[in-house]
Amino acid sequence: MTRRRLEGEKTKQHIAEKATELFAQKGYAATSIEDICLAADASKGSLYYHFKNKEQLFLYLLEKNQQEWEEKWARYSAPYPTATEKLYALADFFVDDFLNHPLKKAAEEFSGSKLAEPEILEQVINLTKTAHQVYIPIFEKGIEAGEFEADDPAALAYLLDGFLSGVCSAAYYDHPDQLHTYMRKSIDVFIKGTGKK
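Description of the structure in this document.

The rules behind these values
- Residues numbered from 1 in each chain as written.
- Predicted model: local features only at pLDDT ≥ 70, side-chain atom pairs only at ≥ 80, totals over all residues.
- Heavy atoms only, no water.
- Salt bridge = Lys/Arg side-chain N within 4 Å of Asp/Glu carboxyl O.
- Helix = DSSP H or I, 4+ residues; strand = E, 2+ residues; numbered from the N terminus.
- Buried < 20%, exposed > 50% of the residue type's maximum accessible area, 1.4 Å probe, protein only.
- Expected span 1.5 Å × (residues − 1).
- Arc of directions from axis to C-beta.
- Contact = heavy atoms within 4.5 Å.
- Polar contact = N/O pair within 3.5 Å; in protein donor to acceptor, adjacent residues only side chain to side chain.
- Axes fitted to C-alpha atoms, helices over the stretch in contact; angles between N-to-C directions.
- Parallel < 35°, antiparallel > 145°, perpendicular 65-115°, else oblique.
- Left-handed = near helix turned anticlockwise from the far one by under 90°.
- Nonpolar A, V, L, I, M, F, W, Y, C, P; charged D, E, K, R; others polar.
- Patch = residues over 30% accessible without salt bridge, like charges linked within 9 Å, V, L, I, M, F, W, Y side chains within 5 Å.
- Areas by Shrake-Rupley, 256 points an atom, 1.4 Å probe, with all protein chains shown as cover.
- Phe/Tyr/Trp six-rings, centres within 6.5 Å; stacked < 30°, edge-to-face > 60°.
- Lys NZ or Arg CZ within 6 Å of the ring centre and 35° of its normal.

Topic: the pattern of salt bridges
So, step 1. Inspection of every chain in the model, using the stated rule, returns six salt bridges.
So, step 2. Close ionic contact of Lys44 with Glu34 constitutes a salt bridge, the shortest N to O distance being 2.7 Å. One end of the pair, Lys44, is in helix α3 (residues 44-50); the other, Glu34, is in helix α2 (residues 33-40), with 10 residues separating them in the sequence.
So, step 3. Between Arg184 and Asp92 there is a salt bridge, and its shortest N-O distance comes to 3.0 Å. Remark: Asp92 occurs in helix α5 (residues 83-100) and Arg184 occurs in helix α10 (residues 179-193); sequence separation between them is 92 residues.
So, step 4. Classification of Asp92 by relative accessible area gives buried; the value is 18%.

Shown next, in the form of structure tokens:
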């Protein structure tokens, strides 16, 4: 990579970092291009060189966050040898991500917005829909090892993601101090429902 391209990539990542901070603090709608340029000490021309508009910037941040999440989960789950252990690890990992995800509220706001370009909104929604696919190998491994009854791993991953999302949200508002306990209990219930041998 040439020095000029390296500097350009550095600028792009700096803009992305500052934009993430602002979206996390103020939300999507309340964060303007001017705010981002000021925080990043970048001109509008520089921002628009790297990102077509605010929506494209936000999509880039969500895609980057999803990739980082998947890499972090791969490292976090590696020490757990069985599918069952990985599911319990997932419960803890899920809670930590739920509590610390910098773009969670802004992403919810953006997804509910009617002002976003339809193509961008569809890409954001697809990112959310496909997040559960990282759980598929857990069920494939568990079925192959005889930990779970034979079933469709993709369907189980989809159901687990919805189940954990719902329980995590409800417990966060009703019993925040017991969030980890409720999530691990959710795994108990889910494993029983899969017909664990």
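From this point on, the discussion continues.
Side note on helix α9 (residues 153-174)
So, step 1. Compared with the 32 Å implied by 1.5 Å per residue over 22 residues, the 31 Å span of α9 between its first and last C-alpha is a close match.
So, step 2. For α9, the complete set of buried residues consists of Pro153, Leu156, Ala157, Leu160, Asp161, Leu164, Val167, Cys168 and Ala171. Looking down the long axis of α9, one finds its buried residues gathered within 150 degrees of arc, a one-sided arrangement. Turned more than 90 degrees off the buried face of α9, the exposed positions are Tyr158, Leu159, Tyr173 and Asp174.
So, step 3. Summarising the contacts, the buried residues of α9 are in contact with α5, α8 (136-144) and α10.
So, step 4. Regarding α9, its N-cap is Asp152, as a side-chain oxygen of that residue lies 3.1 Å from the backbone nitrogen of Ala154 further along.

Here's the deal with the packing of α8 against α9
So, step 1. Following both chains from N to C, one finds α8 and α9 inclined at 125 degrees, their axes separated by 8 Å at the closest point. Relative to α9, α8 is oriented oblique. Like other packed secondary-structure pairs, α8 and α9 cross with a definite hand, here right-handed. Contacts between α8 and α9 involve Ile136, Phe139, Glu140 and Ile143 on the former and, on the latter, Pro153, Ala154, Leu156, Ala157 and Leu160.
So, step 2. Per-class residue counts for the contact of α8 with α9 are eight nonpolar, no polar and one charged.

Considering unusual backbone geometry
Backbone phi values are negative for most residues with the exception of glycine, while trans is the configuration of most peptide bonds.
So, step 1. Located in the positive-phi region is Asp41, a residue other than glycine, with phi close to 55 degrees.
So, step 2. Of the residues examined, Asp41 reaches a relative accessible area of 73% and is grouped as exposed.

Some words on a nonpolar patch on the surface
So, step 1. On the surface, a cluster of nonpolar side chains totalling about 340 Å² of accessible area is made up of Leu99, Tyr172 and Tyr173.
So, step 2. Take Tyr173: it is sitting in helix α9.
So, step 3. Residue Tyr173 is classed as exposed on the basis of its relative accessible area, which comes to 63%.

Here's the deal with the packing of aromatic side chains
So, step 1. Enumeration over the complete set of coordinates arrives at 17 aromatic pairs.
So, step 2. Relative to Tyr60, the ring of Phe51 lies with its centre 5.3 Å away and its plane at 55 degrees, an arrangement referred to as tilted.
So, step 3. Among the residues examined, Phe51 registers a relative accessible area of 3% and is labelled buried.
So, step 4. Here Tyr60 falls in the buried class, since its relative accessible area comes to 19%.
So, step 5. Both rings, one in Phe139 and one in Phe148, keep their centres 5.9 Å apart while their planes meet at 50 degrees; by these two values the pair is tilted.
So, step 6. One aromatic cluster is present, built from ring pairs that chain together Trp69, Trp73, Tyr76, Tyr80, Phe93 and Tyr135.
So, step 7. When the ring centre of Tyr28 is taken as reference, the NZ or CZ atom of Lys54 above it lies at 4.2 Å.

So far we have only geometry, and geometry alone does not tell us how the molecule works.
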